[in-house]
Amino acid sequence: MNLNQLTIKEAREGLRNKQFSSVDLTRDCLTQIKKHNSALNAFISVTEEEALMSAKKADKSIEDGTSLPLLGIPIALKDLFSTKGIKTTAASNVLRDYIPQYDATVVRKLKDAGAVIVGKTNLDAWAHGSSGENSDFGPTKNPWNKNFVPGGSSSGSAVSVASDMCLAATGTDTGGSIRLPSSFNNVVGLKPTYGRVSRYGIIAMASSLDSIGHFTKTVEDCATIFNITKGEDIYDATTLPDATEDFYKNLNKGVKRIRIGIPKEFVVSGLDPEVKLLFEKAVNTFANLGAEITEVSLPYTKYGIAAYYIIQPSEVSSNLARYDGIRYGNGRESFGDEAKRRIMLGTFTLSSGYYDAYYKKAMSVRTLIKNDFDKAFEKVEALISPVCPTYPWKLGEKINDPLKMYLSDALTVTVNIAGIPSLSVPAGFSKDKLPFGIQIMGKQLSEDLLFQIGNSFEKETNYYKQKPLLR
Amino acid sequence: MKIDVPHVAILANLKLDNKDIVKFEKQLSEILNYVEKLKEVNTEKVDATSQVTGLENILRKDETSTSLTQEEALSNTKSQKNGLLKVKAILE
Amino acid sequence: MKYKPVIGLEVHVELKTKSKMFCSCSADYFGQKPNTHTCPVCLGLPGALPVPNQQAIDWCVMIGLALNCKIANFSKFDRKNYFYPDLPKGYQISQYDQPFCQKGSITLSNRKEIGITRVHMEEDTGKLTHSGDSTLIDFNRSSVPLVEIVTDPDFENASEVVEYLKKLQQIVRYLGVSDADMEKGNMRLEPNISLKKENETTLPKFKVEVKNINSFRFVEKAIAYEIKRQEEILNEGKTPAQETRGWNETKNATVSQRSKEDAMDYRYFPEPDIPPIILKDEKILKLQSQMPELPDAKFERLQKEFSLSSYNSELITKDKETADYFEKAVEDGKKVYVPPKDIANFIINQKINPSDIVPAELIKRIVSAKQTISIGDNALDNIIKNVLAGNSKAVEDYKKGKTNAIMFLLGHVMREAKQKLDTKLVKEKLEDKLK
C-alpha cells in the first residue's frame, strides 16, 4: 500500500512510530497527484516545493519530540482559502493571478497544527455550482467514473481525498457544496454549525450561509480536523464562543436509543428509485444498530430552494462588488456566466421596489424553516436523509439549465438556511458503481453527536474502504 | 416576472452584450418564476432572520496593530503611481 | 422675497479614534505616506471581514445624547451598495433603518429649534486625487470612523446654518471625539437647499445637494449663490433640477455634478457579517454620565454660579480648555479673595493662553495688578514724594550713578504703603521722579 492511501489516524501512528517520514508520505501524495491530476483536474495549483520543505521541517520536529495534531500530514485547500504568497484564484479568471498577502485564519490554524499543504483545489468558480463544471480552469472529473460530475462546488477537494492525493482537504458549504461532492465521491464531508469555524480569509460567497468545513476518509479523521479549525476568531464577528470539547470521547458510543428522525418531505417524492432503495437500507442499518427511528415533518422546507435562491444571490451580488480590477485581479468582464447570472439575480432581488417582495420575504421564510428544524429537534436528536435526490449525473447534462442544476440542492440548502451542522457519510453505490451518501443533521453545536452517529454507521458498513479504480 | 436586464446590469456594474441580455432575460425570468412560490407563504407575523448565531455586541477595543506595508498593499494591482493606485480619470 | 429658503444639513464628523472603524489599522492618516495604513479589511481584499470599533460606537451615542436624541436599544449596520473607485468593497458599511440615534434637537440663539433627524455610524472611503488623465487612490482613509448627523430641513438662512455648524463643532470638540476641523476634512458638510413659496406649508418637490464646502466662509457664499440661482429659475416659471452640485472656489459658484433624479439605488440590506448592537438603558445612562458638561450648560452655569456676564461666559466657554482653566483659577483665587468676575475679565482682556501660565500663577499676577490699582495713583505718588524727601542721601547716590540705590528707595515705598505692590510699576514711577 502506498502511504497516500492511509487515513490521518494511520499516518500519525506511522510517523510517530518512525515507520516512515513526512517526506515519504508527502512524496507519495505528490506522485499520486502527478499521475492522476491531468485526468481528474482536482488541483489548480500544486505547491510541491513548499510541501516538501514543510515535510522536512515536520520530520525535524517529530524527531525533536514535538507533538502536534497534524504534524507532517499532507492536506489540500479549496482555492477559496487565502494562502499568503500562494495564488488563490476562486477558480475564476478574475483572480487568475491574485496572490494574497495574508493567510485565512483556518489556514493559519492548520499550519500551526503542523499540516503540510500540497496544493489548492479546483471548484465551481466563486463556489457557484453543484457539479464542479463551472470552473474557469476546466471541470473536475469524478474518479469513480470520469464521464460523470464529481459534485460541487468543492469538487477538487472531494476528488483529491477520494483519489488519495492527500489525506484531507478543506471546503466550504453554502447550499451543499461539501455534502454533495462528498456523497458523490465516497468520502466524509462535514458542514459545521454556522459560526463554528472562522470565515476570515475565505473568499465570501453568501455571508449568512457560508460554512467552513472539510473532507476526510473517515469520521474519526473528520473530528481530528474539526478540532483544529473550530473556534472563536477576533477577525470574524460571526464566530461562536469556543468550548473545550473532546470529540473522541463519545466516538464509539454507538447509536443505541438515539432518536433519529426522517424528514418526510426529504424522502417522499423526487428521489431516484435507486437512491430511495439505498436510503432505506441505511435506515435499516441504523435501526439494527439500536437507533429509534421516527418520521418528522419539516413543512416549510419545500420553500427551501426558493428562499435560498433569493438570499444567496443577494449576498453574492454584494460580496462580488469588490472585484473591480483596481486593487487586484482582472476586471468584471472576466466573470463567467454563472457568476454574472447570480450577481444579476441578487442585484434585482435587493433593488428598490423588489426588496420587500424578494429578499425580506425570503428572510422571513428563513425564520419559518429554522423553526421547523428547532421543533423537530425537540422530538429527535438527529435527522438523516439522502444528500441528493439523484446519483451523479453525466458531465454536461445540466449545464445549460441553471434552474435544473439548482434543484439538485433541494435536500441540502435548508441546513444552511437554519445554520445547523450536517455530516455526509458514504452509504453505498449504485448499480453503475457511482457513490451515494447520506447526511446526518443535528441542532446547532451538536457536531460531537454527528461524529458519534456517523462513526457507528461507518464501522458497520465499511464503505469508506472501497477506492475508485484510477487508470 | 420579467427583469429589466440592461438596468440591472448597470446597477451591477456588468457590461453585457445583446446576446447575453437575451440569454439572461430568459434564464433569470425562469428562476424568478420559480422563486415566486414564496408568495404562497404567509409571513405577516414573522420576523426576518438576519443572524442565525444569536450573537450580539461583538466589538473590538480601540487598539492599533501593524498594517500591510505599502508594497504588500499594492502587490496585486496592475496600475500604480508613486504608491497610489491608478485608474482612468473619473469625471466628477 | 417671494421665496423662503428650506435648508437641511448633512454633516460628517470624523472620529479621532486610535484605530479604524472595522479594523485595527491606525486611523491617523493625515500626512502619511499613501497606502501605508491598510490591511485586508480596509483594502477590501477577498475574504476580509469587518469587526466594529467599540469606542467609535460609544462616541457616536455621546454625540446623539449631546443632541438630545433618543438612543436605540436595538441597532444594526447595513450595506449601502454602489460602485466607486474609492470604495474598496463596492459597498459602504453604514446604518439604514435602525441607526444609533434619532429625533434630537438643538436650539439656536434666535430660540429656533432645529430638529436632528438622526445620528449614525459609517466608514469613510479612500481619497482620490486627480493627475492628468488618471485618478489616483490612497486607501489610508478607508474605513476611518464617520458619524453622520442629519437635520430636518429647518434652516431658513445661511447665518442659522453657520451658527449650527459652530455649535456642533464646539460640542464635538468638548466631547473630545473629533477635532472637527473643516479645513482638515474631519468635519464635512452638505447642505440640501431648496426654495418654497412664502406661505407654502409643504416642502418643495426638489432639493439641491451642495458638496465640496470646506470652510465657514464658503458655507455662506455657497448658500447665498444657490438661493439666488434657484430664485432666478423659479422666477422664470421653471423648477430647479434635483441634483448634486459642487462648490467651485475659483468660479465662486455651485456647479452641476450629477443628477440626483437618477437617484442611486443603494440596495440597502442588513450587514450579515456584523451581529446587531444592543444598548441597554443602563449602558446609555453610563455613557451619559461619562460625558463632560456641554457648552450650553456650562455657559448658563458660569453665569449663575460666578455672576459672569453672558458675553464673558460665551468667551470663556468657547473651548473646554479655557473653561476648565477658568474654573481652576477660580478655585485658586478663593484663598486670596479674587472674585471670578475679575478672573474672567483678566483672562479675556489680557488674552491669556492657558498653556502659558498655570492658574495659581495667574492668580498671583491678578493680585499684584490689583494691589497697584487699589492703592490709587495719588496715594502712591504721595508716598514716593515722602520717601524721596526723607532719603536724600540715597537720591544723591542714585543720581551719582549708584543705580542700586533705587532698590533701597523701593523698599521704603513698600514699607510705607504697608502692602505688596507691583514692583515694576513702582520702580518705573521712582525712575521717572528721579530724572
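Residues numbered from 1 in each chain as written. Chains lettered and ligands numbered in written order. Predicted model: local features only at pLDDT ≥ 70, side-chain atom pairs only at ≥ 80, totals over all residues. Heavy atoms only, no water.

Chemist: Quick rundown of the nonpolar core? Include the residues and the values.
Modeler: Grouped together as the largest cluster of nonpolar side chains are 234 residues, with contacts concentrated most on A:Trp126 and C:Tyr164. For this core, the leading source of residues is helix H12 (residues 356-379) of chain A, giving 10 residues. Once you skip the residues sitting within four places of it in the chain, A:Trp126 turns out to touch A:Leu80, A:Ala90, A:Ser92, A:Val94, A:Leu95, A:Ile203, A:Met205, A:Leu320, A:Tyr323, A:Phe335 and A:Ala339. If you look at the next biggest cluster of nonpolar residues, it comprises 22 residues, including A:Ala42, A:Ala51, A:Ala158 and A:Phe215. (Core = buried A, V, L, I, M, F, W, Y, C linked by side-chain atoms within 4.5 Å. Buried < 20%, exposed > 50% of the residue type's maximum accessible area, 1.4 Å probe, protein only. Helix = DSSP H or I, 4+ residues; strand = E, 2+ residues; numbered from the N terminus. Contact = heavy atoms within 4.5 Å.)

Chemist: With reference to specific residues and values, describe the interface of chain A and chain B.
Modeler: In this assembly, 57 residues from chain A lie in contact with 46 residues from chain B. For the pair chain A and chain B, the summed buried surface comes to about 4,500 Å²; carbon and sulfur atoms form 69% of the total. Applying the counting rule to chain A against chain B returns 1 salt bridge. With 11 residues, the top contributor of residues to the side of chain A that touches chain B is H12(A). (Buried area = accessible area lost by both parts, 1.4 Å probe. Salt bridge = Lys/Arg side-chain N within 4 Å of Asp/Glu carboxyl O.)

Chemist: Could you give me a rundown of the side chain of A:Ser45, with the residues and numbers involved?
Modeler: Residues and elements named next belong to chain A. Along the polypeptide, Ser45 turns up in strand S1 (residues 43-46). On the accessibility criterion, Ser45 (11% relative accessible area) is buried. When neighbours within four sequence positions are excluded, Ser45 is seen to be in contact with Lys87, Val118, Gly119 and Lys120.

Chemist: Tell me about the domain arrangement of chain C, and please be specific about residues and values.
Modeler: Residue and element names in this part refer to chain C. The assigned domain composition of chain C is domain 1 (3-289) and domain 2 (295-433). A separation of 49 Å is found between the C-alpha centroids of domain 1 and domain 2. The partner domain 2 presents 8 residues to the 4 residues of domain 1 that form the contact. Between domain 1 and domain 2 the total buried area reaches about 520 Å² when both faces are included, carbon and sulfur atoms providing 57% of it. Area buried by domain 1 at its contact with domain 2 is led by Lys167, Gln170 and Tyr174, which between them contribute 91% of it. At the junction of domain 1 with domain 2, the criterion picks out 4 residue pairs in polar contact (both at pLDDT 80 or more). Of the residues belonging to the side of domain 1 that touches domain 2, the class tally is 2 nonpolar, 1 polar and 1 charged. (Domains from an automatic or database assignment. Polar contact = N/O pair within 3.5 Å; in protein donor to acceptor, adjacent residues only side chain to side chain. Nonpolar A, V, L, I, M, F, W, Y, C, P; charged D, E, K, R; others polar.)

Chemist: Provide a residue-level description of unusual backbone geometry, including the pertinent values.
Modeler: Here A:Gly152 and A:Ser153 are connected by a cis peptide whose omega angle stands at 10°. Looking at the element boundaries, A:Ser153 is found in the loop between strand S3 (116-121) and helix H5 (155-162). Even without glycine at this site, A:Asn41 takes up a positive phi of about 55°. Within the secondary structure layout, A:Asn41 lies in the loop between helix H2 (22-40) and S1. Judged by its relative accessible area of 18%, A:Asn41 falls in the buried class. Positioned with a positive phi, C:Asn252 is a non-glycine residue whose angle comes to about 55°. Within the fold, C:Asn252 resides in the loop between strand S13 (243-248) and strand S14 (253-259). Of the residues examined, C:Asn252 reaches a relative accessible area of 38% and is grouped as partly exposed.

Chemist: Outline the interface of chain A and chain C, supporting the account with residue identities and numerical values.
Modeler: With 33 residues of chain A in contact, the opposing surface of chain C contributes 29 residues. Roughly 2,500 Å² of surface becomes buried between chain A and chain C when both sides are summed, with 60% attributable to carbon and sulfur atoms. Summed over the shared surface of chain A and chain C, the number is 1 salt bridge. The interface formed by chain A and chain C holds 16 residue pairs in polar contact (both at pLDDT 80 or more) in total. Of all elements in the fold, only helix H10 (304-319) and helix H11 (337-350) of chain A reach the threshold of two or more residues within the side of chain A that touches chain C. Counting residues per element, the side of chain A that touches chain C draws most heavily on H10(A), which supplies 3 residues. The class makeup of the residues in the side of chain A that touches chain C is 17 nonpolar, 10 polar and 6 charged.

Chemist: Tell me about the packing of helix H10 (residues 377-390) of chain C against helix H12 (residues 405-417) of chain C, and please be specific about residues and values.
Modeler: Each packed pair of helices is defined by two parameters, the angle between the axes and the distance between the axes. Residue and element names in this part refer to chain C. Two elements in contact, H10 and H12, have axes separated by 9 Å at closest approach and are oriented at 130°. Overall, the two elements H10 and H12 adopt an arrangement that is oblique. Where H10 crosses over H12, the handedness of that crossing is right-handed. Seen from H10, the contacting residues are Leu380, Ile383, Ile384, Val387 and Leu388; seen from H12, they are Leu409, His412, Val413, Glu416 and Ala417. Across the contact of H10 with H12, the residue classes tally to 8 nonpolar, 1 polar and 1 charged. (Axes fitted to C-alpha atoms, helices over the stretch in contact; angles between N-to-C directions. Parallel < 35°, antiparallel > 145°, perpendicular 65-115°, else oblique. Left-handed = near helix turned anticlockwise from the far one by under 90°.)

Chemist: Tell me about the environment of C:Gly333, and please be specific about residues and values.
Modeler: Residues and elements named next belong to chain C. Note that Gly333 resides in helix H7 (residues 320-334). Sequence separation between Gly333 and Ala360 is 27 residues, and the spatial gap between their C-alpha atoms is 7.8 Å. Beyond its immediate chain neighbours, meaning those up to four positions away, Gly333 contacts Val338 and Ile363.

Chemist: I'd love a proper account of the sheet that holds strand S15 (residues 269-270) of chain C, names of residues and values included.
Modeler: Hydrogen bonds between backbone atoms are what pair the strands of a sheet, whose relative direction is either parallel or antiparallel. All names here are of chain C. With antiparallel pairing, the 3 strands of this open sheet are ordered in space as S5-S4-S15. The sheet is open, and its two borders are formed by strand S5 (91-94) and S15, each paired with just one other strand. Relative to S5, strand S4 (residues 78-81) is paired through 4 bridges, and the arrangement is antiparallel. Paired with Asn81 across the two strands is Tyr91, which belongs to S5. (Pairing = 2+ DSSP bridges.)

Chemist: Which residues make up the packing of aromatic side chains, and what values do they have?
Modeler: Enumeration over the complete set of coordinates arrives at 31 aromatic pairs over all chains. Both rings, one in A:Phe226 and one in A:Phe451, keep their centres 6.1 Å apart while their planes meet at 65°; by these two values the pair is edge-to-face. Placement of A:Phe226 in helix H7 (residues 219-229) and of A:Phe451 in helix H15 (residues 447-461) is noted, with a sequence separation of 225 residues between them. Exposure remark for A:Phe451: the relative accessible area of 0% places this residue in the buried category. Members of the aromatic cluster, joined through ring pairs, are A:Tyr98, A:Trp126, A:Tyr323, A:Tyr328 and A:Phe335. Across from the ring centre of A:Trp393, 3.7 Å away, lies the NZ or CZ of A:Lys398, which sits over that ring. It is B:Lys23 that lies over the ring of B:Phe24; its NZ or CZ is 5.5 Å from the centre. (Phe/Tyr/Trp six-rings, centres within 6.5 Å; stacked < 30°, edge-to-face > 60°. Lys NZ or Arg CZ within 6 Å of the ring centre and 35° of its normal.)

Chemist: If you had to explain helix H2 (residues 158-175) of chain C to someone new, which residues and values would you point to?
Modeler: Residues and elements named next belong to chain C. With 18 residues, H2 should reach 26 Å at 1.5 Å per residue; the first-to-last C-alpha distance of 26 Å fits that figure. Counting buried positions along H2 yields 14 of 18 residues, so the element is predominantly enclosed. Trailing H2 by a residue or two, Gly176 shows a phi angle of about 75°, which is positive. (Expected span 1.5 Å × (residues − 1).)

Chemist: Explain the pattern of salt bridges to me, using residue names and the numbers behind them.
Modeler: Residues and elements named next belong to chain C. Summed over all chains, the structure comprises 61 salt bridges over all chains. The salt bridge partner of Glu305 is Arg301, with a shortest N-O separation of 3.0 Å. Of this pair, Glu305 and Arg301 are both found in helix H5 (residues 295-306), 4 residues apart, which corresponds to roughly one turn of the helix. The closest approach of N and O atoms between Glu327 and Arg301, which form a salt bridge, is 2.6 Å. Remark: Arg301 occurs in helix H5 and Glu327 occurs in helix H7; sequence separation between them is 26 residues. Among the residues examined, Arg301 registers a relative accessible area of 24% and is labelled partly exposed.

Chemist: Break down the pairing of strand S8 (residues 127-131) of chain C for me, with residues and values.
Modeler: Residues and elements named next belong to chain C. With 5 bridges connecting them, S8 and strand S9 (residues 134-138) associate as antiparallel partners. Bridge pairing in S9 places Lys127 opposite Asp138. Here S8 hands over to S9 after 2 residues, with Gly132 in that stretch at a positive phi of 65°.

Chemist: For the confidence of the model for chain C, give the residues involved together with the corresponding values.
Modeler: Low pLDDT marks stretches whose predicted atomic positions should not be read closely. A residue-level look at chain C finds 97% of positions with pLDDT of 70 or above and a mean pLDDT of 92. Both scores are given for the predicted complex: the pTM is 0.92, the ipTM 0.96. (pLDDT = per-residue confidence, 0-100.)

Chemist: Lay out the sheet that holds S8(C) in plain terms, naming residues and giving numbers.
Modeler: If you trace the 4 strands from one edge of the open sheet to the other, you get S1(B)-S2(B)-S9(C)-S8(C), paired in antiparallel fashion. Two strands close off the open sheet at either side, each with one partner strand: strand S1 (80-81) of chain B together with S8 of chain C.

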